[in-house]
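Structural description and commentary
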Amino acid sequence: MTAARYVLHEIQSYHRFIKFLIFLVALAAVGSTIRFIFGLGATTNLNDTYPWGLWISFDVVTAVPLAAGAFTIGVVAHIFHIKKLEPLVRPAIVTGFLGYSLVCVGLMLDLGQPHRGIYVLFPWNWNVHSPMFEVSMCVMAYTTVLFLEFLHPVSERFGWHIPLRLLRNLQIPFAILAAMISTLHQSTLGTFFLIAVDKLHPLWYNPLLPLQFWLSAIFTGLSIVILEASLVHRFMGQPNESDLLATLTRIIPWVMGCYMMVKLVALLTFSEGALFDRPVLTTLFVVEVAVGLLLPFWMFLQSRIRTDKSMQLRAASLVIFGLVLNRFNVSMFGMIQPGQQIYAPNVLESVVTVGIIAAHILFFVLMAKYFPIFEHHPEAVDATIPDTFRRVGKEELKAIPVTVLPDP
Amino acid sequence: MSARTDFSRDKAFLIDMTKCTGCRGCQVACKQWNQLKAENTTFFTGEGYQNPPAMSEHTFTRIKFRDYQKNGQNEFAFYKEMCMHCNDPACASVCPVGAFQKTAEGPVVYLDDKCIGCRFCMIACPFGVPKYEWSKAFPLVRKCTGCYSRVQEGLKPACATTCPTAITYGPREEMIKEAERRLAAHPDRYLQKVYGKEEAGGTSVIYLTALPFDELGFKPVTMRALPSYTWQALRLVPGIFLTVGGTLSAVSWFQHRKEKVKQAETESKGAACCAAAEAAETSKEDHQ
């Protein structure tokens, strides 16, 4: 009883934006319940012509590269050992962990038989020829890795010394593992659409699609880190990290450049069939490339823009817009055949997807509230330094500021 | 991707559309054998005379009608829509749990107790065959079974048994030979093409028609087996996994080593800096 009152009291003290997010998530929960009672046909606009809709295009195909910040920043900070970027790592891992968990939630809603999702793990079902098999295995494995990495702030919060020591030693192996697994499934999401030989429009269909998906996930992941750090600075009172972000903005254009070259080569040499035969698709392609690729690329090349905190945010947002449009072009718009009825998500589908996005922001804010995800531990980076946490005594531990639930 | 390369003894349908009368006995037989529900449809909601307007969870095969003019006369042409039972089926290759299998007898079967319901098969199938039970809360995929249960018992599929004119059923090699014999014997009657011989890497349903295939509603498909398109990327997966892991481990080792060397250098710079270093050390400890 008192626990419930604590929780209620706590929720009442939240900012009204958080309350609004809770409302959106609750709506999505209602939508999901309706899906499990009345079925996919009744709750979505999916049909035999469009077996995949918003829930796959956004909640899976787009959300996975949007959650790529964790592995990219992990590689940059831990493997290339740019130590000063350490403050960006932990929030990015929380963002990634939430992102992947919500991908799993979205997938569970979309699967016809969600209770059988576990079947993918049974060796007698394994089908190594299936891109979906690979992605499901990778997503499960990587969500686990992200969870373990996320245990870091949790262990700090509760003073679990032994897990902390273990996690600290595993930091670099985890960063490598994360990059390995992410490389596989980010690119394999592109392989998904290689099977749609005569369905996906040649503006996007080419055998280099997996490589493009991987490269775009890398620079989008770094852009997400910029977005997240900028918003956290703006709305959650965290320090301005634009100097650190300027390091990222120097890396991003290199990856974007590689991506653009691959895209150009793919378009010129590997595409088959008429490219610009459908005006709507041509427009979508031009917007994707011009607004979501060339413009931010140019912006990141200007040192004035690259180091300015609000311009960084704008350029990163453009990159993210470009990626979202690209994934929708590949998984939805480009798959529409001429003369076919057009799919548009209905209200319920949209409410669920909006709820998933809201849940991401909500859980991030709440985690930041209760766990030390912004506390910067520059000394925690160096693995050669002995574990300080082991030496923290009971008295000192009490001195570490933790959020205490207020008395009702 | 199927391990087999020889499909000549697979059971195959030879469907001669010029001999089809449009009686739709096959549709009825299919519904009866598979115990499929009737659909409540309205005539002319589809493209022409055909009914139901599309294949669905309740309709595994369907005769499409196309009216055209020949010598000033109105004529009908037909096309039997069904699972093509590909030699190397896209549905089987993309399924994460292997719920589709190419059987040794020829039919591509769906194991509904394995399916997790991801619907990748529906995206992958170049012929748009797998359909979904959209009305159910926990739906499964439905499609033509090639009457596998009958074929196992040495019977012909229901539609092939019922068809009075157009469907011949037998080993694929013989069906192709027969199709080519007909093309040669009556060049005036047929379009000179055996649809299904090469399409999507070869199928166990082979068509002969008088009209161009696209006019009848056949989908344009690649001549390559579809699984090869994804496999050319997926086969690189283990190599890429290890390369990324190896490269990043090497980079990580190198970067950390570089720093250690640098640290050692600064430490060995002599006693002059000793005091300063010690001061730094103390301040560090204070910080902790």
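Structure report, in brief. (Residues numbered from 1 in each chain as written. Chains lettered and ligands numbered in written order. Predicted model: local features only at pLDDT ≥ 70, side-chain atom pairs only at ≥ 80, totals over all residues. Heavy atoms only, no water.)

Digging into the overall build of chain B
The secondary structure content of chain B amounts to 10 helices and 9 strands. On C-alpha atoms alone, chain B measures out to a radius of gyration of 30 Å, which is more than a quarter above the 19 Å that the 2.2 N^0.38 rule sets for 288 residues. Per-residue burial for chain B yields a buried fraction of 51% across its 288 residues. Within chain B, residue pairs in contact and separated by at least 24 positions form 58% of the contacts whose partners lie at least 6 positions apart. (Helix = DSSP H or I, 4+ residues; strand = E, 2+ residues; numbered from the N terminus. Rg over C-alpha atoms; globule rule 2.2 N^0.38 Å. Buried < 20%, exposed > 50% of the residue type's maximum accessible area, 1.4 Å probe, protein only. Contact = heavy atoms within 4.5 Å.)

Notes on the packing of aromatic side chains
With the rule as written, the count across this model stands at 32 aromatic pairs over all chains. When the ring of Trp52(A) is compared with that of Phe192(A), the centres are 5.9 Å apart and the planes differ by 40°; the resulting orientation is tilted. Residue Trp52(A) is located in the loop between helix H3 (40–43) and helix H4 (54–66), and its partner Phe192(A) is located in helix H9 (residues 171–192); the two are separated by 140 residues in the primary sequence. Residue Phe192(A) is classed as buried on the basis of its relative accessible area of 2%. One aromatic cluster is present, built from ring pairs that chain together Tyr79(B), Tyr195(B), Tyr207(B), Phe213(B) and Phe218(B). Taking the ring centre of Phe138(B) as reference, the NZ or CZ of Arg35(A) above it sits at 6.0 Å. The lysine or arginine in question, Arg224(B), covers the ring of Tyr229(B), its NZ or CZ lying 3.9 Å from the ring centre. (Phe/Tyr/Trp six-rings, centres within 6.5 Å; stacked < 30°, edge-to-face > 60°. Lys NZ or Arg CZ within 6 Å of the ring centre and 35° of its normal.)

Focus: the pattern of salt bridges
All names here are of chain B. Overall, the coordinates contain 16 salt bridges over all chains when judged by the stated rule. Residue Lys-102 is joined to Asp-10 by a salt bridge in which the shortest nitrogen-to-oxygen separation is 3.6 Å. Of this pair, Lys-102 sits in strand S4 (residues 100–102) while Asp-10 sits in the segment before strand S1 (11–16), placing them 92 residues apart in sequence. Under the relative-accessibility criterion, Asp-10 is labelled buried at 2%. Among the ionic pairs, Arg-66 bridges to Glu-215, the shortest N-O distance being 3.4 Å. (Salt bridge = Lys/Arg side-chain N within 4 Å of Asp/Glu carboxyl O.)

Details of the sheet that holds S1(B)
What holds strands together in a sheet is hydrogen bonding between their backbones, with the strands either parallel or antiparallel. Residue and element names in this part refer to chain B. Reading across the sheet, the 3 strands line up as S8-S1-S9 and stay open at both edges, with mixed pairing between neighbours. Sheet topology places strand S8 (167–171) and strand S9 (205–208) at the edges, where each strand pairs with a single neighbour. Each strand of the sheet is rotated relative to its neighbour by a mean of 20°, with strand direction disregarded. Pairing geometry for S1 and S9, over 4 bridges, is parallel. Following the sheet pairing, Asp-16 is matched in S9 by Leu-208. (Pairing = 2+ DSSP bridges. Axes fitted to C-alpha atoms, helices over the stretch in contact; angles between N-to-C directions.)

Topic: the layout of surface pockets
Empty pockets left among the atoms are what a rolling probe the size of a water molecule brings to light. The calculated volume of the largest pocket comes to roughly 1400 Å³. Of all the secondary-structure elements, those providing two or more residues to the lining of the largest pocket are strand S2 (62–70) and helix H3 (120–124) of chain B. The biggest single contributor to the lining of the largest pocket is H3(B), with 3 residues. For the lining of the largest pocket, the residue count by class is 26 nonpolar, 12 polar and 11 charged. Of the voids in this model, the second largest pocket is the one considered here, and its volume is about 960 Å³. What lines the second largest pocket is a set of 29 residues, among which Leu227(A), Leu231(A), Ile357(A), His360(A) and Ile361(A) lie closest to the centre. (1 Å grid on protein atoms, 1.4 Å probe; cavity = no way out; pocket = protein on both sides within 12 Å on 5 of 7 lines; lining within 4 Å. Points joined across faces, edges and corners; volume = space filled by probe spheres on them. Nonpolar A, V, L, I, M, F, W, Y, C, P; charged D, E, K, R; others polar.)

Quick word on the packing of H9(A) against helix H10 (residues 209–235) of chain A
Residues and elements named next belong to chain A. Relative to each other, H9 and H10 sit at 130°, their axes nearing to 7 Å. As summarised for this structure, H9 and H10 are arranged oblique, according to the angle between their axes. Helix-helix and strand crossings are classified by hand; for H9 and H10 the assignment is right-handed. Two secondary-structure elements touch here, H9 through Thr-183, Gln-186, Ser-187, Leu-189, Gly-190 and Thr-191 and H10 through Leu-209, Pro-210, Phe-213, Trp-214 and Ala-217. (Parallel < 35°, antiparallel > 145°, perpendicular 65-115°, else oblique. Left-handed = near helix turned anticlockwise from the far one by under 90°.)

Describing the pairing of S2(B)
Two strands pair when backbone bridges link them, and S2(B) and strand S3 (residues 73–81) of chain B are joined in this way by 9 bridges, in the antiparallel orientation. Looking at S3(B), one finds that Lys70(B) is bridged to Gln73(B).

Looking at the state of the cysteines
By the definition in use, this model includes 0 disulfides over all chains. With no disulfide partner, Cys104(A) has as its closest neighbouring cysteine sulfur the one in Cys138(A), 12 Å distant. Unpaired in terms of disulfides, Cys118(B) finds its nearest cysteine sulfur in Cys95(B), a separation of 6.1 Å. (Disulfide = S-S within 2.5 Å.)

What about the side chain of Glu349(A)?
When you line up the elements, Glu349(A) lands in helix H15 (residues 347–370). At 7.9 Å, Arg119(B) is the nearest oppositely charged side chain to Glu349(A), a buried residue that forms no salt bridge. Setting aside anything within four residues of it in sequence, one finds Glu349(A) in contact with Thr43(A), Thr44(A), Asn45(A), Leu46(A), Leu54(A), Trp55(A) and Tyr343(A). (Lys, Arg positive; Asp, Glu negative; His and termini not counted.)

Overview of the interface of chain A and chain B
With 64 residues of chain A at the contact, the number on the chain B side is 62 residues. When chain A packs against chain B, close to 5300 Å² is buried across both sides, 65% of that on carbon and sulfur atoms. Ranking the residues of chain A by area buried against chain B places Asp48(A), His129(A) and Ile195(A) at the top, with a combined share of 14%. Taken together, the connections running from chain A to chain B amount to 2 salt bridges. Residue Lys83(A) pairs with Glu259(B) through a salt bridge whose shortest N-O separation is 3.4 Å. Linking chain A with chain B are 28 residue pairs in polar contact (both at pLDDT 80 or more), by the criterion used here. Residue assignment for the side of chain A that touches chain B shows that the elements contributing at least two residues are helix H2 (16–38), H3, helix H5 (69–79), helix H7 (131–158) and H9 of chain A. Counting residues per element, the side of chain A that touches chain B draws most heavily on H9(A), which supplies 10 residues. For the side of chain A that touches chain B, the class distribution of residues is 35 nonpolar, 18 polar and 11 charged. (Buried area = accessible area lost by both parts, 1.4 Å probe. Polar contact = N/O pair within 3.5 Å; in protein donor to acceptor, adjacent residues only side chain to side chain.)

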